[in-house]
Amino acid sequence: MTTVVNHPLVDHRMAYMRDVATQPKLFRELVSEITTFLAYEALKDLATEEVPIQTPLTKTVGRKVAEDIVLVPILRAGMGMLDAMLHVLPYAKVGVLGMQRNEETAEPVPYYAKVPPAKGHELAIVIDPMFATGGSAVDAVSQLKKLGYRKIIFLNLVSAPEGIENFESHHPDVPVFTAAKDERLNSHFYIVPGLGDAGDRIFGTL
Ligand code: PRP
Ligand code: URA
């Protein structure tokens, strides 16, 4: 299932992020800020456990997150979301998957994988700002399942209907959270209206 995180504070930042005049420094900040909002929504069902606490006044009981989490950015653009995710989940582990789209076919070409082996109970959170044909995300989740991950979610910033349909047909068990669902893909498999090439805009390589 795909959840579109609708919120005025997300929309406001998305408007600046889409703007072709926005330079990499601000673009990176906007990616981080939207990622934080996305995480807040996507992680509201994280398991917690009771912990005893001594406040200055009395003993009470608090709740701590009780899930082992592995963040999995898809290189390169997924790195833009990593700092924000580590900010809200400082105890998370990180694995990375390198994936480059073939420019003609948009097929994902995996070139690197360094993900901790799964014990089976961990929550793996795949992060990548762009969800276009869905090929990269489908492949990333397939790799994680092969490694033994059973609980996986996918967070992205801008999605296309084509990608959502493709992903849901391959991984109907993996929830997706997106900050914007756009209109369509163009003939070069770019999201329209989109924001262009996220990796180039994050890393200043236009
Ligand atoms: C972009 C983006 C996603 C992918 C999305 O990566 O960061 O990983 O395309 O497209 P898809 O849904 O059609 O697979 P790209 O291959 O351009 O590499 P980069 O992040 O290194 O720029
Ligand atoms: N990758 C991007 O960075 N942007 C798109 O629109 C599609 C894939």
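Before any of the text, the structure's been laid out above.
Residues numbered from 1 in each chain as written. Chains lettered and ligands numbered in written order. Predicted model: local features only at pLDDT ≥ 70, side-chain atom pairs only at ≥ 80, totals over all residues. Heavy atoms only, no water.

**Structural notes on the site of ligand 1**
- Not every one of the 16 residues close to ligand 1 is listed here, only the nearest: Arg101, Asp128, Thr133, Gly134 and Ser136.
- In this structure, Ala77 approaches ligand 1 through a main-chain N or O atom, which is 3.0 Å from an oxygen atom.
- Here Thr133 contributes a side-chain N or O atom positioned 2.5 Å from an oxygen atom of ligand 1.
- Here ligand 1 has 500 Å² of accessible area as a free molecule, and 93% of this is covered by the chains.
- Of all the elements in the fold, those that place two or more residues in the shell around ligand 1 are strand 6 (96-101), strand 9 (130-131) and helix 4 (135-146).
- With three residues, the single largest contributor to the shell around ligand 1 is strand 6.
- Residue classes in the shell around ligand 1 are distributed as six nonpolar, six polar and four charged. (Near = heavy atom within 4 Å. Polar contact = N/O pair within 3.5 Å; in protein donor to acceptor, adjacent residues only side chain to side chain. Areas by Shrake-Rupley, 256 points an atom, 1.4 Å probe, with all protein chains shown as cover. Helix = DSSP H or I, 4+ residues; strand = E, 2+ residues; numbered from the N terminus. Nonpolar A, V, L, I, M, F, W, Y, C, P; charged D, E, K, R; others polar.)

**So, helix 2 (residues 24-42)**
- Relative to the 27 Å expected for 19 residues at 1.5 Å per residue, helix 2 spans 26 Å between its end C-alpha atoms, a close match to the ideal helical length.
- Residues Phe27, Leu30, Val31, Ile34, Thr35, Leu38, Ala39 and Ala42 constitute the buried set of helix 2.
- Where helix 2 is buried, its residues contact helix 1 (8-18), helix 3 (79-88), strand 10 (151-159), strand 11 (176-181) and helix 6 (198-203). (Expected span 1.5 Å × (residues − 1). Buried < 20%, exposed > 50% of the residue type's maximum accessible area, 1.4 Å probe, protein only. Contact = heavy atoms within 4.5 Å.)

**Focus: the nonpolar core**
- If you look at the biggest cluster of nonpolar residues, it comprises 39 residues, and the most contacted ones within it are Met17, Leu89, Ile125 and Leu155.
- Elements with a contribution of two residues or more to this core: helix 1, helix 2, strand 4 (69-75), helix 3, strand 8 (123-127), strand 10, strand 11 and helix 6.
- Ranked by residue count, the leading element in this core is helix 2, at seven residues.
- With residues near it in sequence (within four places) discarded, Leu89 still touches Leu43, Leu46, Ile69, Leu71 and Ile125. (Core = buried A, V, L, I, M, F, W, Y, C linked by side-chain atoms within 4.5 Å.)

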